[in-house]
Every structure is written in C-alpha cells, then in structure tokens.
Amino acid sequence: MTRRNLVILTGSGISAESGVPTFRAADGLWEGHRVEDVATPQAFARDPALVQDFYNQRRRHLVGVQPNAAHHALADLAARWEGDFLLVTQNVDDLHDRAHAETPPGRGFELIHMHGELLKAQCTASGRVCDWPGDLAADEPSPFHPAGRLRPHIVWFGEMPLGMDRIERALAACDLFVSIGTSGAVYPAAGFVQQARWAGARTVELNLEPSLGSRLFDETRHGPATEVVPVFVGELPG
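As the structure is a computational prediction, the values presented were derived from the model and not from experiment. Along each chain, residue indices are assigned from 1 in the same order as the chain's sequence is written. Local features in this predicted model are restricted to residues of pLDDT 70 or higher, and side-chain atom pairs are both shown and tallied only at a pLDDT of 80 or more, whereas totals for entire chains, interfaces and linings draw on every residue. Note that water and hydrogens are dropped before the side-chain values are worked out from all heavy atoms of the structure.

Asker: In this structure, what is going on with helix 5 (residues 69-80)? I would like to understand it.
Answerer: One full turn of an α-helix is made of 3.6 residues, so residues set three or four places apart face in the same direction. In this description a helix means any DSSP run of H or I spanning at least four residues, a strand means any run of E spanning at least two, and both kinds are numbered starting from the N terminus. The span expected for a helix works out to 1.5 Å for each residue beyond the first. For helix 5, built from 12 residues, the straight-helix expectation of 16 Å at 1.5 Å per residue is met to within 8% by its first-to-last C-alpha distance of 17 Å. Under the scheme applied here, a residue whose accessible area is under 20% of the maximum for its type counts as buried, over 50% as exposed, and between as partly exposed, the area being computed with a 1.4 Å probe on protein chains only. Every buried residue belonging to helix 5 is among A70, H71, A73, L74, A75, L77 and A78, and all of these are buried.

In structure tokens form, the structure reads like this:
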C-alpha cells in the first residue's frame, strides 16, 4: 500500500543530540526550576523577571546549536514526499525550521509548533505574535496594544496547545504516523498515536528508549535519533 498522508510528531529527543536541553530532568525540575515557577501564566504574573530570564537564557543558548542528522533527514523526506506532510513538534526551538529552510519542502509540507516558539513573543493584551530573537525585559512593552506587554510565545501548563484543529484533521486522514523522540507522557500529544490508529494508519515509534505508549505502536525502533531517523526515512518511498 502506498502511504500518502504522513503525520510526524517530534519531541525533545530529536533536538537533544544538537545540545538543546530537554528541560525536565528526572527530579521534575526544568533547568533547576520548578515548573510552577517558570512555565505557568501564574508564574509570569507573580515574577515576570524570573520567567523572562529563564527563557532569555534558553534563547541565547539556541544561537549556538545546529540542526542534526535527524532534522535534515526529515527535511529531505518532506522535499520528496508526494502526499500531505504535517510535521508537529513539541519543541520550541527553531531547528526544524532551519533544516527545512535549507531544503525547500514539497507542496504538501506544513510545520506546527504546538507548544510555541522560543524566538517569538506574544502580546498579553491582543494575543498577536511577532518574531523576537533577543532578550525580553520583565516589563517589555507590546508594540500591538498600549495595555499589553510581551511574554514568551510559549504554551505554558494550563494553556491550550496550538494548531489542535489542524492536527486532529490530519490525524483523522493520515496513512502513516511517526513519533520521534517523545516520552509519551504529555497530553494531548501522547494521544496522537491512538487517534492515528482509529484512522487506520500505520504507527511507528522512533525513540531512544520505549516511551510510555510504546505498546500502542505497530512498530518501534530504539536508538539515538541521529541514527534511527535517517535509516527509517531512507526506507520510505519518494
């Protein structure tokens, strides 16, 4: 069977080999901070300086990392894929964007950052989003609304992930779903494999180790993303 509609989900495991921290450690802390202190709307209201500094540091670090072989393999796949190709990433880095910019994708390609983008900022009053590669001050004024200020364009805990309507439509119509570098612990992304299965899609997990939802996949391959992703991509038809 020729598989034409492809949905790929990527998580922190695909960027870890480029040197991007996976944020949450075994003790539940994000780079030494409690999630409640840096990744919730309440935290931003309580201590905007701490929250802005946390993401400013992440933004500065991103300048020194590059897309790896797994990012480039997916970009090459998108360039030759003949059907619909939706790439959904939980990552807030821009490594997919950079890899695909170097290899112009096919006409059916689309990329959704469901948890936001580190190099963008969002107005607290209007919700408008703009590119922002530099630091954000604690009280950074918004250019869009006199009563607004700029916050990181990051989906914090308690907020709705981005692009969910589009993602769910794609999952309902996909022939092949591939999950790369995800823990299978964070919803709604952890439920994507089940939605793809309901649509009759083939489901594949590529991960460093079995995720919490590994048993739900038709096929699993385990190892570093820079090794397993290029091999798997090379086996797919053009």
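Past the structure itself, the notes keep going.
Asker: Quick question: what am I supposed to make of the pairing of strand 2 (residues 85-89) here?
Answerer: Regular strands show a simple pattern: their side chains alternate between the two faces of the sheet. A large share of strand 2 lies buried, amounting to 5 of its 5 residues. A two-sided burial pattern is seen for strand 2, the buried positions comprising F85, L87 and T89 on one face and L86 and V88 on the other. Pairing geometry for strand 1 (residues 6-10) and strand 2, over 5 bridges, is parallel. In the strand pairing of strand 2, T10 is matched with T89. Only strands that DSSP links by at least two bridges are regarded as paired with each other. Note that strand 2 and strand 3 (residues 109-113) share 5 bridges and pair parallel. In the sheet register, F85 faces strand 3, and the bridge partner there is F109.

Asker: Sorry if this is basic, but what is going on with the sheet that holds strand 6 (residues 150-154) here?
Answerer: Two pairing modes exist for strands in a sheet, parallel and antiparallel, and in both the strands are linked by backbone hydrogen bonds. One open sheet holds the 3 strands; their spatial order is 5-4-6, and the pairing between them is antiparallel. What marks the edges here is a single partner per strand, and that holds for strand 5 (129-131) and strand 6. In this sheet, adjacent strand axes meet at a mean angle of 45 degrees when their direction is disregarded. The pairing of strand 4 (residues 116-123) with strand 5 spans 3 bridges and is antiparallel. In the sheet register, Q122 faces strand 5, and the bridge partner there is V129. Throughout, an axis means a line fitted to C-alpha atoms (over the contacting stretch in the case of helices), and angles, computed between N-to-C directions, take values from 0 to 180 degrees.

Asker: What am I meant to see in unusual backbone geometry here?
Answerer: The phi torsion of most residues other than glycine is negative, and most of the peptide bonds are trans. That bond from Y187 to P188 is cis: its omega, 10 degrees, falls within 30 degrees of zero. By secondary structure assignment, the location of P188 is in the loop between strand 7 (176-180) and helix 8 (192-198).

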